[in-house]
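Listed below are the residues making up each chain.
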Amino acid sequence: MAKVCWTRSIWVRSSFVAEMVEAEWYDGLTARKRTGHASLSGSVLLLREDDGTQTALPLQDLRFVERRPEGPVLSLNDNRGFRLRLLGTIPPDLAERLPGESRYGHWIDRLGLPKAAALFAGISAVALAAVLTLPNWLGPLIPQSWERRAGDAVIGDMGNTLCHSEFGDPALKQLAAAIDPERPVTRVDIANIDMVNAVALPGGRVVVFDGLVQEAESADELAGVIAHEIGHVRERHVMQALLRQFGLSILLGGINSDVGSGIFGIASTSYTRSAEREADEYARERLAAADISPLGAAAFFERLKKEHGDGPDWAAWVASHPVPSERQKQFERAAQKGADYRPALSEQDFGALKTMCDEDEDVEEFYF
Amino acid sequence: MDGMAGGFGGDGGAPSGGDPANADGGPASAFVFEGTWREFAPIAFTNLLLTIVTLGIYRFWATTRERQYLWSRSRFIDEHLEWTGLGKELFFGFLMVAVLFGIPVLVLQFVVEALMIQGYPGLGAALMVAMVLTIFYLSGVARYRALRYRLGRTHWRGIRGGSYDPGFRYGLSYMWKYAVGYLAMGLMVPWAMVSLWNERWGHMSFGQLRFSGQADFSPVMKRYLLFYLAPLILLIVGFLAIGAVALGIGAAGEFDRKELAWGALGGLIAIGFVAFYLLWGLAYLFFYAKYLRVVIGEMRLGDDISFGFSATTKDWFRLILGDVGLVLVTLGVGWIFLSYRHWKFFITYVEAYGVIDPDALMQSDTPMAKHGEGLLDAFDMGAI
C-alpha cells in the first residue's frame, strides 16, 4: 500500500498538458468508487479524482488484469484490491507504457500459444520417454546388495509364512542350483499361501506359493515357473519396475488421479509384457542348459492360464504374471526332439516339496 | 459523493443497480450472472490443451483463468466480483501438500505393507487407523482453508474477505461432529452438516463485516429421513413387485414361452436395480436442495445483510441432467464446461437482501495465506 499516496491538492495546469483518459477506480481500502481521469506524467500514472484529489502510481507497479469492451482493467502488484478501469480511447503514449496483456501466463504469452503448446508437448514427451526407458538402464546399475537389503527390510521372512522341512529345503536348493548355477545368491522359497502364483520380489528373491506347488504335476513344471522367476531377478526387472513406477507417479502426480492412473497403466503394461518375454527367454535357455524339458512349463502355463486370477494387491508392485497362450506355445516349440531330458528332480525330492508346508509345524497361514 | 447506501434484493428501499420498475416480476436480484458459454469456450479449450501438453501442471493456472472469467461476469448489485488469486498460489499449495503430506503417506503405506508382510498385522492396522484419522482431520481443515482462500481472493469494489482463524480447531470439530453424526446410525449427519456450515462461516468475514450462520438442522430432518429410509422402502416395493410377477408366472401354469417370461422378469429386476439407485440419488438431491436453502437462508453478513438460495430439487435435477447430457453428447469434452454451469447455477439462485454502505465497507485485515487450496485439492474436493 505504501506506493499509493493520497494527496489533496489543486490541479496545477502545467505547460505540458498530458492527454487524459476517463477512469474509475477502487483504492483497495474502502468500497467507495472513485471517478476521474488518468494521465501519464513521466514514469507515473496520475489519477485525478473529480473532487481534485490526486494519486500517483509508479508505472512499474501496475499489473494487467483483463481487457473489457470499454477498456483495460489494471491492478497494483502490492495491493490486489486496487482496481483501475480506463474508459475510452487511451492516448498512445500511455498505451505504450501500460503493462502488457497477460492471458495464459508469462511464459506462454511471450512465446504465443501454439509455440508454447508445442514446446510443452515436446518436453512432456521427452520426460515421459525418459521415465519409461531410463529404468531399463538405471535398474541394473543399482547394486544388488542395496536391493537385497531393501528387500529383506520390507519382506523379511514374510511373517513366518515360508515353509521349511528336512528334505524340502535341500530339494529346492538343488532345483534352483540346477537352473541358475552361477548365482547362488538368488533365494527361492515356498510360502504357505494357498494361491496359484509365484513372484519375484525386490532383493533377488523368488517366492513360489504353496498353491502353485500343489497344482504342479511334475518337477519339470515347477522348474519352468522357477526359471521364469529367476529370469526376472537376473534381468533386474523388479528394480526397473519399481523405478518406473516411482518416476511415473511423480511425473503424473499433477494429473487428476483417474486420468493419471489410466496413463500409468497403459505406460507400464507394455514394459511388463516385454519383461515377461525376457524372463521366458531366460527360462528356456536355462532349462535347455540344465537338460530339463520345457514341455513341463508349457503344460503348466496352460493350466495356470485357466485358473489364474488377479494376484494380491501388494504383488502389484512386483513383476506380475499374465499368462498368454503364446507363451505356452513358445515353450512347446523349444522342446528338442531326441534331446536327452532328465527329470528336474527325483520323484522323492518333488514329493518333499509338495509336503513341505504340511510338514513345517511352525509356519503360519498368510492372511491378506 | 459516490456513496451508495441503498437497499437491494427487494428488502426495502430502491434496489440499486437493478431496475426499480421490475416490481411485477419480483425485485431484481442482487446477484446476476452475465457470462456466456461462447466467451467461456476459448478459455476452457485453451486450458484443456495446455493442461494436456503439460501433463496436468497447467491446471492450477487453468483454474485461475476460469475463475477470473466467472467472477468477472458475476455482478453483485452494481459491481462485478473479481478473482485475484494466482495460478502459482494454487501450484505452491499443491507442492506443499505433496511434500508435507503426500510423501509421508507414501512412506507410511510402504511401512504398513512391510509390517503386514512381516507378520505384525496389529501394528500395521494401528498405523493405518492413525493415517485414516489424520486424513479425516485434514479433510476438515482443507474444507475450511479452501473457503478462506476463496474469500480472500474474491474482491468486490476492491474489498476482499477472509478469516482470522487458520482452521486447525475447525478440523477437530469436523472430526467429532461427523463421528457423532455417523455413530448415531447416521441419523445425526444433517446436524453435523448444518452445525459445521454455521461454524465454518462464523469464522469468515468480508471487509470488516463478519459472516454468521444460524441455521437449525430440524427443517432438513424430514427429507433426510426420507433419504435414509429410501433404500428400505424401495427394496420392499421392489420385492413385492418381483414376487407378484413371479407368482403370476408360476400360477399361469404350463405355457410355451415360460422361459421368455422368466427372462423378462430378469430384465425387470435389472431395470429395478437401476431405478433403485436413481431414486435413491433423487432422494438425496431432495434433501440436499433443502439443506442448501436452509443453511444459506440463515446466513448473515454484518447486521444488515442476509442471504437466500432458491434452487429447488427440480432445478438441481435439471442441472445434473444437463451435465450428464452435455458430457455424453460431446463424448466427454463437455466436461470442461461443468465448472461454468455450476457457477452460473450458484450465482443465479443465490440472493442477498439488506443495505450496504460502500463508504463504510472497509478492507479486510485478515491474514492472507500465501498458498492456495492444496489440501482440498489433495482430497479431491475441489468442486465448488
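Here, every reference points to the structure presented above.
The following refers to the structure shown. Keep in mind the model is a prediction, meaning the values are calculated, not measured. (Residues numbered from 1 in each chain as written. Chains lettered and ligands numbered in written order. Predicted model: local features only at pLDDT ≥ 70, side-chain atom pairs only at ≥ 80, totals over all residues. Heavy atoms only, no water.)

**As for the overall build of chain A**
Here is step 1 of the chain: Scanning chain A from N- to C-terminus turns up 13 helices and eleven strands.
Here is step 2 of the chain: In chain A, the proportion of contacts linking residues at least 24 apart, taken out of those at least 6 apart, comes to 64%.
Here is step 3 of the chain: Roughly 18,500 Å² of accessible area belongs to chain A as shown, and the carbon and sulfur atoms make up 55% of that amount. (Helix = DSSP H or I, 4+ residues; strand = E, 2+ residues; numbered from the N terminus. Contact = heavy atoms within 4.5 Å. Areas by Shrake-Rupley, 256 points an atom, 1.4 Å probe, with all protein chains shown as cover.)

**Observations regarding the overall build of chain B**
Here is step 1 of the chain: What chain B contains, in helices and strands, is eleven helices and eleven strands.
Here is step 2 of the chain: Each of the 384 residues in chain B was classed as buried or not, and the buried ones make up 46%.
Here is step 3 of the chain: Carbon together with sulfur atoms contributes 71% to the accessible area of chain B, which is approximately 19,100 Å² in total. (Buried < 20%, exposed > 50% of the residue type's maximum accessible area, 1.4 Å probe, protein only.)

**Some words on helix α2 (residues 59–72) of chain B**
Here is step 1 of the chain: With 14 residues, α2 of chain B ought to run about 20 Å at 1.5 Å a step, and its terminal C-alpha atoms sit 20 Å apart, in line with that.
Here is step 2 of the chain: Judged by how many residues are buried, α2 of chain B sits mostly within the fold: ten of 14 residues are covered. (Expected span 1.5 Å × (residues − 1).)

**Some thoughts on helix α4 (residues 144–155) of chain A**
Along an α-helix, a turn takes 3.6 residues, which lines up residues three or four apart on a common side.
Here is step 1 of the chain: End to end, α4 of chain A covers 16 Å across twelve residues, agreeing with the expected 16 Å (1.5 Å per residue, within 8%).
Here is step 2 of the chain: Residues of α4 of chain A that are buried: E147, G151, V154 and I155 of chain A. Down the axis of α4 of chain A, the buried set is contained in an arc of 80°. They therefore lie on one face. Turned more than 90 degrees from where α4 of chain A packs its buried face, W146, R149 and A153 of chain A sit exposed.
Here is step 3 of the chain: Those residues of α4 of chain A that are buried lie in contact with β10 (198–201), β11 (205–209) and α8 (237–251) of chain A together with α3 (87–117) of chain B.
Here is step 4 of the chain: Looking at the residues trailing α4 of chain A, positive phi occurs at G156 of chain A, about 55°. (Arc of directions from axis to C-beta.)

**Describing the interface of chain A and chain B**
Here is step 1 of the chain: Counting residues at the interface gives 41 residues for chain A and 38 residues for chain B.
Here is step 2 of the chain: Summed over the three residues of chain A that lose the most area to chain B, namely A31, R80 and V154 of chain A, the buried surface amounts to 18% of that side.
Here is step 3 of the chain: Summed over the shared surface of chain A and chain B, the result is six salt bridges.
Here is step 4 of the chain: Between R83 of chain A and E82 of chain B there is a salt bridge whose closest N-O contact spans 2.5 Å.
Here is step 5 of the chain: In this structure, the connection of chain A to chain B is made through 13 residue pairs in polar contact (both at pLDDT 80 or more). (Buried area = accessible area lost by both parts, 1.4 Å probe. Salt bridge = Lys/Arg side-chain N within 4 Å of Asp/Glu carboxyl O. Polar contact = N/O pair within 3.5 Å; in protein donor to acceptor, adjacent residues only side chain to side chain.)

**Considering the sheet that holds strand β9 (residues 187–191) of chain A**
Residue and element names in this part refer to chain A.
Here is step 1 of the chain: One open sheet holds the three strands; their spatial order is β9-β11-β10, and the pairing between them is mixed. In this open sheet, the two strands that pair with only one neighbour each are β9 and β10. On average, each strand axis in the sheet is inclined to that of its neighbour by 20°, with strand direction left out of account.
Here is step 2 of the chain: The pairing of β9 with β11 spans five bridges and is parallel. Looking at the pairing, I190 lines up with V208 of β11. (Pairing = 2+ DSSP bridges. Axes fitted to C-alpha atoms, helices over the stretch in contact; angles between N-to-C directions.)

**Looking at the pairing of β10 of chain A**
Remember that side chains alternate between the two faces of the sheet whenever the strand is regular.
Residues and elements named next belong to chain A.
Here is step 1 of the chain: Taking every second residue as pointing to the same face, both faces of β10 are buried, with A198 and A200 on one and V199 and L201 on the other.
Here is step 2 of the chain: Strand direction decides the pairing type here: β10 and β11, joined by four bridges, are antiparallel. Looking at the pairing, A198 lines up with V208 of β11.
Here is step 3 of the chain: Counted between consecutive antiparallel strands, the loop separating β10 from β11 contains three residues, among which G203 sits at a positive phi close to 95°.

**Quick notes on the state of the cysteines**
Residues and elements named next belong to chain A.
Here is step 1 of the chain: One pass over the full model with this rule turns up one disulfide over all chains.
Here is step 2 of the chain: A disulfide bridge connects C163 with C357, and the sulfur atoms are separated by 1.9 Å. Judged by the sign of its S-S torsion, about 95°, the cystine formed by C163 and C357 is right-handed. Of this pair, C163 sits in the loop between α4 and α5 (168–179) while C357 sits in helix α13 (residues 356–359); the two residues are 194 residues apart in sequence, bridging distant segments of the chain.
Here is step 3 of the chain: Its relative accessible area of 1% is what places C163 among the buried residues.
Here is step 4 of the chain: Given a relative accessible area of 6%, C357 falls into the buried group. (Disulfide = S-S within 2.5 Å.)

**Thoughts on the packing of helix α3 (residues 113–141) of chain A against helix α1 (residues 37–53) of chain B**
Here is step 1 of the chain: At their nearest, the axes of α3 of chain A and α1 of chain B sit 8 Å apart, and the two run at 30° to each other. With respect to each other, α3 of chain A and α1 of chain B are oriented roughly parallel. Contacts between α3 of chain A and α1 of chain B involve L113, A117, F120, A121 and S124 of chain A on the former and, on the latter, T46, L49, L50 and V53 of chain B.
Here is step 2 of the chain: Its residues assigned to classes, the contact of α3 of chain A with α1 of chain B shows seven nonpolar, two polar and no charged. (Parallel < 35°, antiparallel > 145°, perpendicular 65-115°, else oblique. Nonpolar A, V, L, I, M, F, W, Y, C, P; charged D, E, K, R; others polar.)

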